[in-house]
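Chain residues, written in single-letter form:
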Amino acid sequence: MAIKKQYLKSKPVCKVTFSVPAEEAKSVAVVGSFNEWNTEATELTKLKNGTFKGTLDLESDNSYEFRYVVDGKTYINDEQADAYAWNDFAGAENGVLNL
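Structure report, in brief. Keep in mind that what you see is a predicted model, and the values were worked out from it rather than measured.

### Observations concerning the packing of aromatic side chains
In step 1: Using the criterion set out here, one finds 5 aromatic pairs in the structure.
In step 2: Relative to Tyr68, the ring of Phe18 has its centre 6.1 Å away and its plane inclined at 85°; by these criteria the two rings are edge-to-face. One end of the pair, Phe18, is in strand β2 (residues 13-21); the other, Tyr68, is in strand β6 (residues 63-70), with 50 residues separating them in the sequence. Accessibility classification places Phe18 together with Tyr68 in one group, the buried group.
In step 3: A ring pair is formed by Phe66 and Tyr68, whose centres lie 5.8 Å apart and whose planes are at 80°; its orientation type is edge-to-face. By the burial criterion, Phe66 is buried, and Tyr68 matches it.

Procedures and definitions
- Residues numbered from 1 in each chain as written.
- Predicted model: local features only at pLDDT ≥ 70, side-chain atom pairs only at ≥ 80, totals over all residues.
- Heavy atoms only, no water.
- Phe/Tyr/Trp six-rings, centres within 6.5 Å; stacked < 30°, edge-to-face > 60°.
- Helix = DSSP H or I, 4+ residues; strand = E, 2+ residues; numbered from the N terminus.
- Buried < 20%, exposed > 50% of the residue type's maximum accessible area, 1.4 Å probe, protein only.

Structure (structure tokens):
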């Protein structure tokens, strides 16, 4: 898994690209505090090499909790997250993006 951050000079936005290698998966979505944890809001696109990829524009100078949802049921964290935060509602740790 990979996270790429590209800060824009013209506005306080960071383009965040999420990449998840999951050849066997049918779908991967990124959910988090930036999309109210909606599993349908930010589905990633499957590339020919089996990696799912997508880019979001997120406001800079913020922190966001997030996770990936594979095939609508398995929640996983990205090992390249900036940090991890316990979430009582999920009963698990979420990855944290610091922008």
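On we go.
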